[in-house]
Amino acid sequence: MTASLYIHVPFCSGACDYCDFYSLPVKEDDPRPELYIDKVLSDAEAQFARYGIGRVPTVYIGGGTPSVLGAKGIRRLLGGLLWPGEARPLEITVEANPESADRGFLSAAAQGGATRLSLGVQSFHEASRRQVRRTGEGRLLPERLKAAAELFPCAFSADIISGLPSQNEKVLLGDLERLLSYSPAHVSLYALTVEEGTPLAKKSRKAAGLPPMDEADRLWIRGRDFLEEAGYGQYEVSNFCLPGKESRHNIGYWRMGNWLGLGPAASGTLIDDATGRGLRRTVAPDLDLWLNRERGELESEELLDPPTLMKETILMGFRYIEGPDTALFRRRFGRDLEDLIGRTIARWRERGLMRPDRMALTKEGLLFLNPFVTEAFEELEGRRPPCRG
Ligand code: SF4
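Residues numbered from 1 in each chain as written. Predicted model: local features only at pLDDT ≥ 70, side-chain atom pairs only at ≥ 80, totals over all residues.

### Thoughts on unusual backbone geometry
Part 1 of the argument: That bond from Gly63 to Gly64 is cis: its omega, 25°, falls within 30 degrees of zero.
Part 2 of the argument: Residue placement: Gly64 occurs in the loop between strand 4 (58-63) and helix 2 (70-80).
Part 3 of the argument: Unlike most non-glycine residues, Cys154 shows phi in positive territory, near 60°.
Part 4 of the argument: Note that Cys154 resides in the loop between helix 5 (141-151) and strand 7 (156-162).
Part 5 of the argument: Even without being glycine, Ser166 reaches a positive phi, approximately 60°. (Helix = DSSP H or I, 4+ residues; strand = E, 2+ residues; numbered from the N terminus.)

Structural data, given as structure tokens:
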């Protein structure tokens, strides 16, 4: 079986107010990152064997903040992974945050085989950063971006967040312009979402200094248009790139490829094309238990039936500008997607929100992904009322 690999690094140098990822603050003399690397390396070997993985086409080392592992840590992690089969992965992405992504770390990642870097810029604007307690200092960004551009030429991506406190159109477009001066190949423009349970969710939008929702939506659209005009084509809800610079690993998620997840809080999905059935393996978010146990209730395996996977294929596939992989859908489930959600497709085509040439939303259609998915699910489940205007 072929499966991509996601490795979750559960460490950060701080805690941002809007974050709901599993990560723990780590200090310099903390022994856990070293123990974590040992465990990931042995776990990778065990999981490849357990699930019969014969080839790993793409790898994504995310988190958390992989750059807190330092140059030595990333060298050891990348150098210690034993790939099954003959071929090395085609794409290996490493995430990094400016406060820990110094030149030593970036060189070690590049020399260790990383082919892409994803840098968490988020904003150059100090007031916005401070108000959401973004880790790291904005003043480090120019130096880190310069090093990223040198060490990952045509192969680095940067994240920017829209809808931050103290951010207006001038600030957001100024941030994007500044970022593009370092020639990233890829930009992720995320609209800030207030996730339940985060410190940000404890305040009202107003008290947190966040713009009203309609203003936040307008800002994101201005950012999208700016990137498009600069030659960065939108290829997913929040992702833009120069031609040919898409993240292959992420396309694998949107097209429901197979992947394994390693590390606390990681999950993976493996689907059998012959039966349309799948398996989801999830690791509980508990680093200390994960480090100290071989295998047990920390890891759960859930069987996924074809109806569940059909819905996930719709949910993920329509995020992507090329839409779901319809041939794979037919092979896995023995049905044409168009037969199952044909009325929804026709209605969205009439509205000009579905591409005429393929089963995929237009760029404007992507703005209405949630209502589209709701309608498609209703039709799939035979629940949709005959006419909804
Ligand atoms: S650096 Fe990233 S993963 Fe870490 S707390 Fe901030 S948003 Fe979360």
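### Overview of the domain arrangement of the protein chain
Part 1 of the argument: Taken as a whole, the protein chain is organised into domain 1 (4-251) and domain 2 (314-389).
Part 2 of the argument: Every contact between the two is made by 5 residues of domain 1 and, on the other side, 6 residues of domain 2.
Part 3 of the argument: By residue number, the principal contributor to the side of domain 1 that touches domain 2 is strand 9 (residues 233-236), which donates 3 residues. (Domains from an automatic or database assignment. Contact = placed C-beta atoms within 7 Å.)

### What to know about the environment of Leu117
Part 1 of the argument: In this structure, Leu117 sits in strand 6 (residues 116-122).
Part 2 of the argument: Taking the number of C-beta atoms within 10 Å as the measure of exposure, Leu117 has 27 and is therefore buried.
Part 3 of the argument: Sequence separation of Leu117 and Ile61 is 56 residues, and the distance between their C-alpha atoms is 9.7 Å.
Part 4 of the argument: Non-local contacts of Leu117, meaning those with residues more than four positions away in its chain, are made with Val94, Ala96, Leu106, Ala109, Ala148, Phe152, Ala155 and Phe156. (Buried ≥ 20, exposed ≤ 12 C-beta atoms within 10 Å, placed from the backbone.)

### Observations concerning the packing of helix 1 (residues 32-50) against helix 2
Part 1 of the argument: One way to put it is that helix 1 packs onto helix 2 with a least axis distance of 10 Å and a crossing angle of 10°. Considering the angle they form, helix 1 stands roughly parallel to helix 2. Here Pro33, Ile37, Val40 and Leu41 of helix 1 lie close against helix 2, whose contacting residues are Gly73, Arg76, Leu77 and Gly80. (Axes fitted to C-alpha atoms, helices over the stretch in contact; angles between N-to-C directions. Parallel < 35°, antiparallel > 145°, perpendicular 65-115°, else oblique.)

### Some remarks on the nonpolar core
Part 1 of the argument: Of all hydrophobic cores here, the largest spans 92 residues; its most connected members are Leu5, Ala109 and Leu117.
Part 2 of the argument: Per element, the largest residue contribution to this core is 5 residues, and it comes from helix 3 (residues 103-111).
Part 3 of the argument: Both of domain 1 (4-251) and domain 2 (314-389) provide at least three residues apiece to this core. (Core = buried A, V, L, I, M, F, W, Y, C linked by C-beta atoms within 7 Å.)

### Focus: the environment of Ile271
Part 1 of the argument: As for its position among the elements, Ile271 is in strand 12 (residues 267-272).
Part 2 of the argument: Spatially, the C-alpha atoms of Ile271 and Leu145 are 38 Å apart, while their sequence positions differ by 126 residues.

### Brief notes about the confidence of the model for the protein chain
One rule of thumb: low pLDDT means the predicted coordinates there are not for detailed reading.
Part 1 of the argument: Per-residue pLDDT for the protein chain has a mean of 95; in total, 97% of the residues score no lower than 70.
Part 2 of the argument: This stretch, residues 385-389, has a pLDDT under 50; its non-local contacts, to residues over four places away or in other chains, come to 0 contacts. (pLDDT = per-residue confidence, 0-100.)

### A word on helix 6 (residues 169-180)
Part 1 of the argument: If you check helix 6, its first and last C-alpha atoms are 16 Å apart, about what 12 residues at 1.5 Å a residue would give, namely 16 Å.
Part 2 of the argument: Those residues of helix 6 that are buried lie in contact with strand 6, strand 7, strand 8 (186-191) and helix 7 (213-229). (Expected span 1.5 Å × (residues − 1).)

### Details of the site of the ligand
Part 1 of the argument: Neighbouring the ligand are the residues Cys12, Ala15, Cys16, Cys19, Phe21, Ser23, Gly63, Gly64, Thr65, Asn97, Gly120 and Thr135.
Part 2 of the argument: Of the residues in the shell around the ligand, the class split is 5 nonpolar, 7 polar and no charged. (Near = placed C-beta within 6 Å. Nonpolar A, V, L, I, M, F, W, Y, C, P; charged D, E, K, R; others polar.)

### A look at the pairing of strand 12
Part 1 of the argument: Inspection of the sheet shows strand 12 paired to strand 13 (residues 277-283) by 6 bridges, in the antiparallel sense. Along strand 13, the bridge assignment pairs Ile271 with Gly278.
Part 2 of the argument: Hairpin connection from strand 12 to strand 13: 4 residues lie between these consecutive antiparallel strands, with Gly276 at a positive phi of about 70°. (Pairing = 2+ DSSP bridges.)

### So, helix 5
In an α-helix, one full turn covers 3.6 residues, which means residues spaced three or four apart are oriented alike.
Part 1 of the argument: Every buried residue of helix 5 is accounted for by Leu141, Arg144, Leu145, Ala147 and Ala148. All buried residues of helix 5 project into a common sector of 160° when viewed along the axis, lining one side.
Part 2 of the argument: Contacts made by the buried residues of helix 5 are with helix 3, strand 6 and strand 7. (Arc of directions from axis to C-beta.)

### Quick word on the packing of helix 2 against helix 3
Part 1 of the argument: Viewed as axis vectors pointing N to C, helix 2 and helix 3 meet at an angle of 10°, and their least axial separation amounts to 8 Å. With respect to helix 3, the axis of helix 2 lies roughly parallel. Two secondary-structure elements touch here, helix 2 through Gly70, Ala71, Ile74 and Arg75 and helix 3 through Gly104, Phe105, Ala108 and Ala109.
Part 2 of the argument: When its residues are assigned to classes, the contact of helix 2 with helix 3 shows 5 nonpolar, 2 polar and 1 charged.

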